[in-house]
Amino acid sequence: MSSTATINASGKAVSQFDTTFYFIAQAAQIVPVCRVLPVNAADVATILNIVRETGATFAVKSGGHNSYASGTNAENGITIDLSRLKDITISDDRKSVTVGAGCRFGEIYDKLEAHGLGCVGGRISSVGVSGLIMGGGISFFSSERGLACDNVISYELVLANGQILNVSEKSHPDLFWGMRGAGITFGIVTRMELRTFNFERIWGGASVFAHENKAAVFNAFNKFVHDGSDPSTEAFMLATDAAKDGNSVYAVITSHSNPQSDTAAFDDIKSLTPLASTTQIRSLKNLCDEMDSQNEPGFRFRTSSLSVKFHLSTLEQIDAIHTDSVALLMDCDGFVPSILYQPLLGSMLPRDEIGNALGIKPEDTPLIIIAILWRWTDVQHDKMIFDVADQFVNKVEKAARAQGTFHRYQYLNYAARPQDVYRSYGEENRKRLLEIKVKYDPEDLMSTLRPGIIQLSGSPKA
Ligand SMILES: Cc1cc2nc3c(=O)[nH]c(=O)nc-3n(C[C@H](O)[C@H](O)[C@H](O)COP(=O)(O)OP(=O)(O)OC[C@H]3O[C@@H](n4cnc5c(N)ncnc54)[C@H](O)[C@@H]3O)c2cc1C
């Protein structure tokens, strides 16, 4: 995915990431009855009033990276496209930045970096601020500062009844807690105030290792995660079989947010010889642009998310299950399978009294979020790929349960629509979320009129 601009019919330069951009082809192909582009919260309230009165169904789109089609584009309904909500305002005391819900992280980082500031946000420039933050948000700063959802100071939220709330810890403590992990289900967020910090440059990039180095790479990754002594460092791993020969290459994405200081955290990873590496000191925006260029949009995609307690033998087993699963699909047109191994460390959990809705306890960590990211080109292969993906998830769950390493948590931002994500937050948290929902959306309009998203009450098997 390159971030170059194209020229529209009136000769104006437009970014390929504007308005109708969708990362997955299945979402881009949906043609809504109409697309509305509000410019402020009052517009969103008016739209919701019309929707309520007419009983029209709708979907909400921010950055358009959602992992399943119906989340952001409304078949037979109204797509509420937030891409005109673009304000970015740094507070006078430089401790926060208020961003419109249609901003992409690259735009925010550009502005913040010019002021020597950073915020906890996405790792690719084009990803939308709203979807990423409200599902959790794993950042290059999460070991040091937590998830993106735990770094929001307040939200401007339009409820289903058209009321505009300013939700903060003080004003609506119950809702504020629920927004941390289930924010998309309570209404439409139009603005967020994010915590900022002083920040200059980051060291980071991707190191790609050949299949023959697999055991050594897994070992080094395992050591990095279990050491966890330097919270200014992050690493995640992606295995991809682009050659379709059963021999994935392993990309380890490492970063160090305090590159002026030495760190021993990557000694094991650095001792291996990569096929290629892009690690260097640079601006955050530059690193996130590079990550964008590695993630090409426009393909059919299937993701699924699950978690296990980080144990080397479980990871190796998952890798083997993945290799066997995707071997069944290699004849599908344009098929390229990747699997993401994303650590979720104790240091990423909220440190304040509020907590969040995700239901992860310190004793559960280190967890590893497993997400498949399979792409292909031909619609006729959808069913087969979806079936194998579901079987993969079942096999991994079974293997992890047998090893005593299974964890219920599913990361909303990489989940498939049939996944019952909010149940994976634990029964107690789900019950609390449902109570909050009843208080702020008593007629449950956000579910009935917005059927495309993963629901608090569970999703249809679609
Ligand atoms: C290439 C790529 C890289 C990624 N990298 C990361 C990463 O580094 N870290 C990470 O944690 N995740 C990452 N993700 C996952 C990402 O967090 C999710 O895809 C997220 O949903 C994207 O947000 P968005 O605003 O772009 O998506 P959208 O598709 O616009 O929205 C996602 C969901 O949120 C809802 N929504 C959006 N805005 C609002 C709003 N204002 N009010 C109410 N509901 C709303 C939508 O209806 C939809 O259901 C990545 C995904 C991709 C495809």
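Cut-offs used in this document
- Residues numbered from 1 in each chain as written.
- Predicted model: local features only at pLDDT ≥ 70, side-chain atom pairs only at ≥ 80, totals over all residues.
- Heavy atoms only, no water.
- Near = heavy atom within 4 Å.
- Polar contact = N/O pair within 3.5 Å; in protein donor to acceptor, adjacent residues only side chain to side chain.
- Helix = DSSP H or I, 4+ residues; strand = E, 2+ residues; numbered from the N terminus.
- Nonpolar A, V, L, I, M, F, W, Y, C, P; charged D, E, K, R; others polar.
- Domains from an automatic or database assignment.
- Contact = heavy atoms within 4.5 Å.
- Buried area = accessible area lost by both parts, 1.4 Å probe.
- Pairing = 2+ DSSP bridges.
- Salt bridge = Lys/Arg side-chain N within 4 Å of Asp/Glu carboxyl O.
- Buried < 20%, exposed > 50% of the residue type's maximum accessible area, 1.4 Å probe, protein only.
- Arc of directions from axis to C-beta.
- Core = buried A, V, L, I, M, F, W, Y, C linked by side-chain atoms within 4.5 Å.
- Phe/Tyr/Trp six-rings, centres within 6.5 Å; stacked < 30°, edge-to-face > 60°.
- Lys NZ or Arg CZ within 6 Å of the ring centre and 35° of its normal.
- Axes fitted to C-alpha atoms, helices over the stretch in contact; angles between N-to-C directions.

Draft legend 1. Representation of the site of the ligand. In the region of the ligand, 32 residues are neighbours, and Val60, Ser62, Arg123, Ile138 and Tyr411 sit closest. Between Gly63 and the ligand, the recorded distance is 3.0 Å, taken from a backbone N or O atom to an oxygen atom. Between the ligand and Arg450, the relevant distance is 2.8 Å, taken from an oxygen atom to a side-chain nitrogen or oxygen of the residue. Within the residue set of the shell around the ligand, elements represented by two or more residues are strand 4 (58–61), helix 4 (129–135) and strand 11 (188–198). Considering only residue class, the shell around the ligand consists of 15 nonpolar, 14 polar and 3 charged.

Draft legend 2. Spotlight on the domain arrangement of the chain. Taken domain by domain, the chain consists of domain 1 (13–81), domain 2 (88–199 + 433–443) and domain 3 (202–421). On a C-alpha basis, the centres of domain 1 and domain 3 stand 29 Å from each other. Listed per partner, the contact involves 11 residues of domain 1 and 16 residues of domain 3. Summed over both sides, the interface of domain 1 with domain 3 buries roughly 1000 Å², with 55% coming from carbon and sulfur. Looking only at domain 1, the three residues that lose the most surface to domain 3 are Phe23, Gln26 and Ser67, adding up to 52% of its buried area.

Draft legend 3. Fine view of the pairing of strand 10 (residues 164–168). With 5 bridges joining them, strand 9 (residues 152–158) and strand 10 adopt antiparallel strand pairing. When the sheet's bridge partners are listed, Val158 is paired in strand 10 with Ile164.

Draft legend 4. How the structure looks around the pattern of salt bridges. A complete count under the given rule lists 20 salt bridges for this structure. Ionic pairing is found between Arg401 and Glu397, a salt bridge with its closest N-O pair at 2.9 Å. Taken together, the positions of Arg401 and Glu397, both in helix 11 (residues 382–403) and 4 residues apart, correspond to about one turn of that helix. A relative accessible area of 25% places Glu397 in the partly exposed class. Three or more residues joined by partner-sharing salt bridges are found here, namely Asp420, Arg423, Glu427 and Arg430.

Draft legend 5. Structural detail: helix 3 (residues 105–113). Of the positions making up helix 3, those classed as buried are Phe105, Gly106, Ile108, Tyr109, Leu112 and Glu113. Around the axis of helix 3, the buried residues are gathered within 160° of arc, so they sit on the same side. Contact partners of the buried residues in helix 3: strand 6 (88–90), strand 7 (96–100), strand 8 (117–119), helix 4, strand 11 and helix 9 (284–293).

Draft legend 6. Focus on the nonpolar core. Membership of the largest hydrophobic core comes to 122 residues, with the highest contact counts inside it found for Tyr341 and Trp374. No fewer than three residues from each of domain 2 (88–199 + 433–443) and domain 3 (202–421) sit in this core. Counting 19 residues, the second-largest nonpolar core is a separate cluster that includes Val44, Leu85, Ala160 and Met446.

Draft legend 7. Representation of the packing of aromatic side chains. Throughout the structure, instances matching the rule amount to 17 aromatic pairs. Ring geometry for Phe197 versus Phe199: centroids 6.4 Å apart, planes at 80°, classification edge-to-face. Comparing Phe197 with Phe199, the two get one shared label, buried. Plain terms: the ring middles of Phe335 and Trp374 are 5.9 Å apart, the flat faces sit at 80° to each other, and that makes the pair edge-to-face. Of this pair, Phe335 sits in the loop between helix 10 (312–327) and strand 18 (336–344) while Trp374 sits in strand 19 (residues 367–376); the two residues are 39 residues apart in sequence, bridging distant segments of the chain. The exposure classification of Phe335 matches that of Trp374, with both residues buried. Chaining the aromatic ring pairs together yields one cluster made of Phe141, Phe197 and Phe199. Across from the ring centre of Phe299, 3.8 Å away, lies the NZ or CZ of Arg375, which sits over that ring. The ring centre of Trp177 lies 3.7 Å from the NZ or CZ of Arg432, which sits over that ring.

Draft legend 8. Structural detail: the sheet that holds strand 3 (residues 34–36). The sheet built from 3 strands is open, its strands ordered 3-5-4 with parallel pairing. The open sheet has two edge strands with one neighbour each: strand 3 and strand 4. Direction aside, the axes of adjacent strands within the sheet are offset by 25° on average. Where strand 4 lies against strand 5 (residues 78–81), 4 bridges are found, and the strand directions are parallel. Looking across to strand 5, one finds that Val60 is bridged to Ile80.

Draft legend 9. Main features of unusual backbone geometry. A cis amide bond links Thr365 with the next residue in sequence, Pro366, at an omega value of -5°. With respect to the element layout, Pro366 can be found in the loop between strand 18 and strand 19. One non-glycine residue, Asn76, lies in the positive phi region at around 60°. Mapped onto the elements of the fold, Asn76 is located in the loop between strand 4 and strand 5. Residue Asn76 is classed as exposed on the basis of its relative accessible area, which comes to 65%. With phi around 55°, Asp444 is a residue other than glycine that occupies positive phi space. Looking at where Asp444 falls in the secondary structure, it is placed in the loop between helix 12 (427–440) and helix 13 (445–448).

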